Amino acid sequence: MAEPELPPFPASTPGGLWDARSARIPFVEPWPVSADEPVRPTAPVSYLLDFGTGREVTVTGAGIIGRAPQGVGGESALQLVRIDDPGRSVSKVHARFEIDRDGLWIEDLGSGNGTTIEQPGMPAVDLRPGQRYAARAGAVVRIGRQSFTVR
């Protein structure tokens, strides 16, 4: 099969600058986007947290995970996910989650034993309190000695 012929190198103007008018580069139409189509795909509106204990919790919007979760800083309408942890490795108010158009985010709330996210094929990341971290499908989130898998 013969190699395709490339256009000649564009001519330069007297000042040595490239003259775009002399270039023979084909024009490609942009991908059509209608007003009612999203520009980029959106993330799911809910996720399933599959806990190591066999418990499954569907989460939507934003919420708090902990031994005795409650709203923090005046936040209301949060989903509260209570974790049974007799060893008390999970703080009462351990982590916050939020779902937006980019996906599921986890934030450690200054817990005593920390939060770690292990994304598939990536090394584990210890979360710094107050910073949001993405938790993609398949990620394992460790809170204290408890964990859940994001589905």
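Residues numbered from 1 in each chain as written. Predicted model: local features only at pLDDT ≥ 70, side-chain atom pairs only at ≥ 80, totals over all residues. Heavy atoms only, no water.

**Q** Whenever I open this one, the environment of Arg142 confuses me. Can you help?
**A** By the secondary structure assignment, Arg142 is in strand 10 (residues 140-143). Classification of Arg142 as partly exposed rests on a relative accessible area of 34%. With near-sequence residues (within four places) excluded, Arg142 lies in contact with Gly114, Thr115, Thr116, Glu118 and Ser147. Looking at Arg142, its side chain comes within polar contact range of the side chain of Glu118, at 2.8 Å. (Helix = DSSP H or I, 4+ residues; strand = E, 2+ residues; numbered from the N terminus. Buried < 20%, exposed > 50% of the residue type's maximum accessible area, 1.4 Å probe, protein only. Contact = heavy atoms within 4.5 Å. Polar contact = N/O pair within 3.5 Å; in protein donor to acceptor, adjacent residues only side chain to side chain.)

**Q** How do you make sense of the side chain of Thr149 when you look at a structure like this?
**A** Relative to the elements of secondary structure, Thr149 occurs in strand 11 (residues 146-150). Among residues more than four places away in sequence, those in contact with Thr149 are Leu48, Leu49, Asp50, Gly138, Ala139 and Val140.

**Q** Even after reading the chapter, I still don't get the side chain of Ser147, so can you show me in this structure?
**A** Note on placement: Ser147 falls in strand 11. Take Ser147: its relative accessible area is 19%, and that puts it in the buried class. Those residues within four positions of Ser147 in sequence are excluded, and the remaining contacts are Asp50, Phe51, Gly52, Val140, Val141 and Arg142.

**Q** Mind showing me how you'd approach the packing of aromatic side chains here?
**A** The geometry of an aromatic ring pair is captured by two quantities: the separation of the ring centres and the angle between the planes. Under the counting rule described, the total for this entry stands at one aromatic pair. Between Phe51 and Phe148, the aromatic rings sit 5.2 Å apart at their centres with planes inclined by 50°, giving tilted as the arrangement. With Phe51 in strand 1 (residues 46-51) and Phe148 in strand 11, this pair connects stretches of sequence that are 97 residues apart. Since its relative accessible area comes to 1%, Phe148 is described here as buried. Arg55 extends its terminal NZ or CZ atom over the ring of Phe51, reaching a point 5.8 Å from the ring centre. Here the guanidinium or amino end of Arg132 rests over the ring plane of Trp105, the centre of that ring lying 4.2 Å away. (Phe/Tyr/Trp six-rings, centres within 6.5 Å; stacked < 30°, edge-to-face > 60°. Lys NZ or Arg CZ within 6 Å of the ring centre and 35° of its normal.)

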